Amino acid sequence: MITREVQQRSRGVALDQSNNRCTFSKTVGIDISKDSLAVCFGRIDAEQRISIIAEGTFANTAEGIASLQQWHTRIAKRESIYGI
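Residues numbered from 1 in each chain as written. Predicted model: local features only at pLDDT ≥ 70, side-chain atom pairs only at ≥ 80, totals over all residues. Heavy atoms only, no water.

Novice: Sorry, what's going on with the packing of aromatic side chains here?
Specialist: Any pair of aromatic rings gets described here by the distance separating the centres and the angle formed by the planes. Inspection of the entire model under this criterion finds two aromatic pairs. Here the aromatic rings of Phe 58 and Trp 71 are separated by 5.2 Å at their centres, their planes lie at 55°, and the arrangement is tilted. On the criterion of sequence distance, the pair formed by Phe 58 in strand E4 (residues 50–59) and Trp 71 in helix H2 (residues 62–79) is long-range, its members being 13 residues apart. (Phe/Tyr/Trp six-rings, centres within 6.5 Å; stacked < 30°, edge-to-face > 60°. Helix = DSSP H or I, 4+ residues; strand = E, 2+ residues; numbered from the N terminus.)

Novice: What exactly am I supposed to notice about the nonpolar core here?
Specialist: One broad trend across soluble globular proteins is that nonpolar side chains are buried collectively. Membership of the largest hydrophobic core is limited to nine residues, which are Leu 37, Val 39, Phe 41, Ile 53, Ala 54, Phe 58, Leu 68, Trp 71 and Ile 75. For this core, the elements supplying multiple residues, two or more each, are strand E3 (36–45), E4 and H2. When near neighbours in sequence (up to four residues on either side) are disregarded, Ala 54 contacts Val 39, Cys 40, Phe 41, Trp 71, Ile 75 and Arg 78. (Core = buried A, V, L, I, M, F, W, Y, C linked by side-chain atoms within 4.5 Å. Buried < 20%, exposed > 50% of the residue type's maximum accessible area, 1.4 Å probe, protein only. Contact = heavy atoms within 4.5 Å.)

Novice: Explain the pattern of salt bridges here, please?
Specialist: A side chain with one charge can pair with a side chain of the opposite charge if their charged atoms come near. Enumeration over the complete set of coordinates arrives at two salt bridges. Among the salt bridges present, the one from Asp 45 reaches Arg 49, with a minimum N-O distance of 2.9 Å. What makes Asp 45 buried here is its relative accessible area of 2%. Residue classification places Arg 49 among the partly exposed residues on the basis of a relative accessible area of 41%. Note that Glu 47 is salt-bridged to Arg 49, the shortest N-O span being 2.8 Å. (Salt bridge = Lys/Arg side-chain N within 4 Å of Asp/Glu carboxyl O.)

This is the structure in structure tokens:
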């Protein structure tokens, strides 16, 4: 028997175990300014509701970008987000 999660994943939809809703899309927004990078990760479910996964602000420097990459890695492992 195929579980609901397997069926959803085969259609490119992930089941969000924390609230038992299907996540259709994960999004990222980055507001870039001279001094900082404001970053927000979110998800959109089947009912088109948006929920925030994580948000952070980083210096717009080499060190700040390295911090952003480390932060993203922690979030990605927890939320299955890839590719920043």
